[in-house]
Amino acid sequence: MIYSFNDIVVSGFSAVTAAGNGMKAVLELLGSGRDALSPVPDDVPGGAGQRWGKASGFKASDFMPPLKARKMDRCSHFTVGASGLALKDAGIDLKSIDPERIGIALGCGFGGVANSAEFLGGYFKSGAEGLAPVLFPNTVSNAPASNASIEHGLKGPNVTLVQRFCSAESAFVMACRFIAEGRADVMVTGGADDLTPLMIAGFAATGQLRRYAACFGEGSGILVLESAAHAARRNAPVKGRVGTVATIGLLPAGREQEGVERLFSGVERCDLLSLSGTVGGTPLLMQRVEARGIIDTAAILGRSLAMGGTAMATLLAKLQPGQQGVHLAASPEGPYYAIRFTGGAATACIPGEVKGASHHV
Amino acid sequence: MVKKRVVITGLGVFCGAGKNVAQFSDALLNGKSGIGPLDLFDVSAFPSHIGCQVKGYDPLDHFDRITARKLSRADQFGLIAAAEALADSGLSETYSPFDMGISMGGGAAGMFQAERWLKAQLVGENAPPVLLRGVLPDKTATEIARACNLAGYQGTVTTACSSSATAIGWGAELVATGQQRAVLAGGSDTLSLLTFGGFNSLKVVDPEPCSPFSLGRQGISLGEGAAFLVLESEEDAVARGARVYGAVLGYALAGEAYHMTAPEPTGSTAARVMRNAIAAAGIDSGRVGWVNAHGTGTPLNDVVESHAMQLVFGERIPSVPLISTKAMTGHCLGAAGAIEALATVIALNHRIIPQTLNFRGRDPECDLDYCHEGKRSCEADIAMSNSFAFGGNITSLVLGI
């Protein structure tokens, strides 16, 4: 599947990560040669000797009143925070935009699982009386996107996807398509994940810590996408342009090379390559692309299912005007994504260029 | 871009109301509910002891022992329904694997198994880690893609109770734009203590079989199952001589941005989504013959959905029946939208509007035509299927024959 989204621009991005709040923290860390991973405490089952990327500097109360924060799960906190920062970065005044024309498409890895465990824990300890109703609405993985939609007043298309290590990319392609189809002018998209000691215990039990060399992380990386026409009308600070989005679900035995070629169809040049999920451990993909530079945010922030949001935001922040970037994402048995971006404000549309252009169907 | 007309060339279902399309159609057309006592897990601590469980299910009837152990109940149901749909479509070997994708919706997924691991953790016991394999809903799509050699798009929508309706709309979009030649679209979800305890804790489960839009209704009955539709472009389907059940004409979705659990009382967003779905289908609302409602049977949802219907259809509303199949299937959460889309397609093919079961009396706050008295014949060739979810996620599908 290959969609071309040449009329969609990225007008803002941000992230909440182990490095701190905002993209500046990620970029400083990236340039420092250090990482933000810390030892998993010894009392976490299975965690001995492991490191993780906890967003320990994040405080929900920096982004919302404490009473609201108490009703949300940690993954929602990250999403509300990161999407607020990204909307600010995009210079979007939510009061001056039609709320029905701005939506959210989010990839959410283990969102809801932490709350599910806490909710069920009450039952296993105290029976039906132990079930806390306030926890149940956040056991669904769409809670982060929906909480963000409520907090920011996003009444357009609203969807959450989980698809292994390509959860954020799965959401991204849908967000682009919603704009291309005219279902929205602006889409908030990206990924969110939280990480708890119980998850480490689960990863340890299922061998995932060994398989992915540990270093799981948490946080949320968000992009603000916009039709070029809409961005031009409001003189948006254009940070880059989306190109093609290609994906395949599997590399079937005997047809692996065909799959790789489909994924890279249209990729002629790559100045900067961003890796997400388990691309680094997939030689067929790594051999296919030549890039002058490679960004691997998992190595400094920790790996997660929806890390693609942070990885794409970082790629866009690093791309110079006119440079071609490719974001590659993979899960161990699929799916696989190759997303092309062109960097910088040099790609911005001037109002006259797109005058009269309309994405409304 | 000129969009292709997207048709449905295969159907598959596995749920408490029927373990294949033939059984499900019989239940749908003859008003047979699958709701009854639950024995999947201990429900004695809750006010409600009923639901629409797939009774008499033995995984070894469908999978070998080793495979069955690695698959969650949701994975298994999904694989069974997907296999029926693909076999029904006669699609195998028609297209390159890269031209066939899967778009599905999931919910609690493998939580039924994962709960046993969690409980063991809390009491300091060991439980097999394989119980955690299916805890995320995308596992089902991955298993189906691998088993059926679908190497194209692979995605899992997780918007609670609207998941699989959105997955069908998105799957249709992939076909309409020529991105995929065929998409297996649907959903799978199974009963679990998490959802049963959760909805009971919110006091929205009816101790009696749910009675949508009826006086005295007290809430939902939970269910489980899976349903899939095979979607292809009309030109491809005609070229290969496929049987065509109907078409996905359009869909729309939005977030209410109002409240995590309560519907926005005026129904304005639901109405907007329905209008947008009708517009996406390229038709006038006058062409919609009836609506397969979300219709959970909770006191508030049914009133709000009725309001929304009035906003959409205006003066024509007395002649637009609003039905709910949840009194037959239970509320199958992540799979609900797919099961209801499939029910809508079957009913359209039989030119009937199914009965909304379990009428307890007329509710003055729900004063539309809900087909409580029995199924009826109907010449309409277009119907709409609504799905609402926690978080204010709303999706409407417009389906035709």
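Residues numbered from 1 in each chain as written. Chains lettered and ligands numbered in written order. Predicted model: local features only at pLDDT ≥ 70, side-chain atom pairs only at ≥ 80, totals over all residues. Heavy atoms only, no water.

Colleague: So what exactly am I meant to see when it comes to the overall build of chain A here?
Modeller: The secondary structure content of chain A amounts to 13 helices and 15 strands. Rg of the C-alpha trace for chain A: 20 Å, near the compact-globule value of 21 Å for 361 residues, within the 12% margin. Judged by the C-alpha coordinates and their principal axes, chain A covers about 65 × 50 × 40 Å. In chain A, which comprises 361 residues, the proportion classed as buried is 65%. Put simply, of all contacts in chain A between residues at least 6 apart along the chain, 75% involve residues at least 24 apart. Summed over its atoms, the accessible surface of chain A is roughly 12,500 Å², and 51% of this surface lies on carbon and sulfur atoms. Each charge sign in chain A was given a centre, from 32 positive and 30 negative side chains, and these centres are 3 Å apart. (Helix = DSSP H or I, 4+ residues; strand = E, 2+ residues; numbered from the N terminus. Rg over C-alpha atoms; globule rule 2.2 N^0.38 Å. Buried < 20%, exposed > 50% of the residue type's maximum accessible area, 1.4 Å probe, protein only. Contact = heavy atoms within 4.5 Å. Areas by Shrake-Rupley, 256 points an atom, 1.4 Å probe, with all protein chains shown as cover. Lys, Arg positive; Asp, Glu negative; His and termini not counted. Charge placed at Lys NZ, Arg CZ, Asp CG, Glu CD.)

Colleague: Sorry, what's going on with the sheet that holds strand β4 (residues 38-39) of chain A here?
Modeller: Residues and elements named next belong to chain A. The three strands are arranged β4-β5-β9 in an open sheet whose pairing can be described as mixed. Of all strands in the sheet, those bounded by a partner on one side alone are β4 and β9 (216-217). The pairing of strand β5 (residues 51-53) with β9 spans two bridges and is classified as parallel. Each residue of the ladder has a partner; that of Gly53, found in β9, is Gly217. (Pairing = 2+ DSSP bridges.)

Colleague: Which parts of the structure should I look at to understand the side chain of Ser164 of chain B?
Modeller: Residues and elements named next belong to chain B. With respect to the element layout, Ser164 can be found in helix α6 (residues 163-176). A relative accessible area of 0% means that Ser164 is categorised as buried. For Ser164, the contacting residues outside a window of four places in its chain are Gly105, Gly186, Gly187, Gly334, Ala335, Ala336, Gly337 and Ala338.

Colleague: When you look at the packing of aromatic side chains in this model, what are you seeing that I'm missing?
Modeller: Geometry of an aromatic ring pair is reported as the spacing of the ring centres plus the angle between the planes. Residue and element names in this part refer to chain A. Following the criterion strictly, the structure yields 19 aromatic pairs over all chains and no others. Note on Phe119 and Phe136: the rings are 5.4 Å apart at their centroids and 35 degrees apart in plane angle, and the pair reads as tilted. A residue pair is termed long-range when its members are at least 10 positions apart, and Phe119 in helix α4 (residues 113-126) and Phe136 in the loop between α4 and α5 (143-152) qualify at 17 residues. Of the two residues, Phe119 and Phe136, both sit in the buried class. (Phe/Tyr/Trp six-rings, centres within 6.5 Å; stacked < 30°, edge-to-face > 60°.)

Colleague: What's the story with the nonpolar core in this structure? I'm lost.
Modeller: The nonpolar side chains of a soluble globular protein tend to be buried, and buried together. Within the largest apolar cluster, 98 residues are counted, with the highest numbers of intra-cluster contacts made by Phe172, Leu225, Val242 and Phe341 of chain A together with Phe24 of chain B. Ranked by the residues each element gives to this core, the list is headed by helix α12 (residues 336-350) of chain B, at nine residues. Beyond its immediate sequence surroundings of up to four residues, Phe24 of chain B is in contact with Val13, Cys15, Ala17, Gly18, Met328, Thr329, Ile339, Leu342, Ala343 and Ile346 of chain B. Within the second largest apolar cluster, 53 residues are counted, among which are Val44 and Phe165 of chain A together with Phe112 and Leu333 of chain B. (Core = buried A, V, L, I, M, F, W, Y, C linked by side-chain atoms within 4.5 Å.)

Colleague: Whenever I open this one, empty space enclosed by the protein confuses me. Can you help?
Modeller: This structure, assessed with the given rule, holds five cavities of 30 Å³ or more. Approximately 320 Å³ is the volume attributed to the largest cavity. Along its surface, the largest cavity is lined by 29 residues, and Thr139, Val140 and Ser141 of chain A together with Gly107 and Ala108 of chain B are the ones closest to its centre. At the level of secondary structure, the elements contributing two or more residues to the lining of the largest cavity comprise α4 of chain A together with α7 (193-201) of chain B. (1 Å grid on protein atoms, 1.4 Å probe; cavity = no way out; pocket = protein on both sides within 12 Å on 5 of 7 lines; lining within 4 Å. Points joined across faces, edges and corners; volume = space filled by probe spheres on them.)

Colleague: Can you walk me through the UniProt feature "domain: Ketosynthase family 3 (KS3)" (unreviewed entry) in chain B in this structure?
Modeller: As annotated in UniProt, the feature "domain: Ketosynthase family 3 (KS3)" (unreviewed entry) corresponds to residues 3-401 of chain B in the numbering used here. A helix fraction of 33% and a strand fraction of 19% characterise residues 3-401 of chain B, whose end C-alpha atoms lie 18 Å from each other. (UniProt positions renumbered as here; feature names shortened; annotations may be inferred.)

Colleague: What am I meant to see in helix α4 (residues 111-122) of chain B here?
Modeller: For an α-helix, 3.6 residues make a turn, and residues three or four places apart therefore share a direction. In this model α4 of chain B runs 16 Å from its N-terminal to its C-terminal C-alpha over twelve residues, within 8% of the 16 Å that 1.5 Å per residue would give. Considering only its buried residues, α4 of chain B is in contact with α4 and α7 (197-205) of chain A together with α3 (73-89) and α7 of chain B. After α4 of chain B finishes, the residue Gly124 of chain B shows a positive phi value of roughly 75 degrees. (Expected span 1.5 Å × (residues − 1).)

Colleague: Would you explain the pairing of strand β1 (residues 6-15) of chain B in this entry?
Modeller: It is a general feature of regular strands that their side chains alternate between the two faces of the sheet. All names here are of chain B. Taking burial as the measure, the ten residues of β1 include ten buried ones, the bulk of the element. One ladder, built from three bridges, connects β1 with strand β8 (residues 246-255); its direction is antiparallel. Note that in β8 the partner of Ile8 across the bridge is Gly246.

Colleague: Would you explain the interface of chain A and chain B in this entry?
Modeller: The accessible area lost on association of the parts is a frequent measure of interface size. The interface is formed by 68 residues belonging to chain A together with 68 residues belonging to chain B. Both faces combined, the contact of chain A with chain B buries some 5,500 Å², and carbon together with sulfur accounts for 67% of it. When the buried area of chain A at its contact with chain B is split by residue, Phe124, Phe136 and Leu250 of chain A rank highest and sum to 12% of it. Here chain A is connected to chain B by five salt bridges. A salt bridge links Glu173 of chain B to Arg177 of chain A; its shortest N-O distance comes to 2.7 Å. Seen at the junction of chain A and chain B, the total is 22 residue pairs in polar contact (both at pLDDT 80 or more). Mapped by element, the contributors of at least two residues to the side of chain A that touches chain B are β1 (2-4), α4, α5, β7 (158-161), α6 (167-180), α7, β11 (240-248) and α10 (256-263) of chain A. Among the elements that make up the side of chain A that touches chain B, the one with the highest residue count is α4 of chain A (nine residues). (Buried area = accessible area lost by both parts, 1.4 Å probe. Salt bridge = Lys/Arg side-chain N within 4 Å of Asp/Glu carboxyl O. Polar contact = N/O pair within 3.5 Å; in protein donor to acceptor, adjacent residues only side chain to side chain.)

Colleague: Any chance you could explain the environment of Ala114 of chain B here in plain terms?
Modeller: Residue and element names in this part refer to chain B. Examined against the element boundaries, Ala114 turns out to sit in helix α4. With 113 residues separating them in the primary sequence, Ala114 and Met1 have C-alpha atoms 45 Å apart. If we skip the residues at most four places from it in the chain, Ala114 touches Leu131, Leu132 and Val135.

Colleague: Whenever I open this one, the pattern of salt bridges confuses me. Can you help?
Modeller: Proximity of charged atoms lets side chains of opposite charge pair with each other. Under the defined criterion, the tally for this structure stands at 35 salt bridges over all chains. One salt bridge connects Asp363 of chain B with Arg217 of chain B, and the closest N-O pair in it is separated by 2.7 Å. Separated by 146 residues along the polypeptide, Asp363 of chain B in the loop between β11 (352-353) and β12 (376-377) and Arg217 of chain B in the loop between α7 and β7 (225-233) bring together distant segments of the chain. Its salt-bridge partner being Arg240 of chain B, residue Glu232 of chain B comes within 2.6 Å of it at the nearest N-O pair. Note on Glu232 of chain B: relative accessible area 0%, which makes it buried. Salt bridges linked by common partners bring Arg164 and Glu333 of chain A together with Asp75, Lys139, Glu143 and Arg146 of chain B together as one network.

Colleague: What is the right way to read the pairing of β11 of chain A from this model?
Modeller: Residues and elements named next belong to chain A. For β11, a buried count of nine out of nine residues is recorded, marking the element as mostly surrounded by other parts of the structure. With three bridges connecting them, β1 and β11 associate as antiparallel partners. Opposite Tyr3, over in β11, you have Val245 as the bridge partner. When strand β2 (residues 8-17) meets β11, the two strands line up antiparallel, connected through two bridges. Across the sheet, the residue bridging to Val9 is Arg241, located in β11. In this sheet, strand β15 (residues 336-343) lies alongside β11 in antiparallel orientation, the contact comprising seven bridges.

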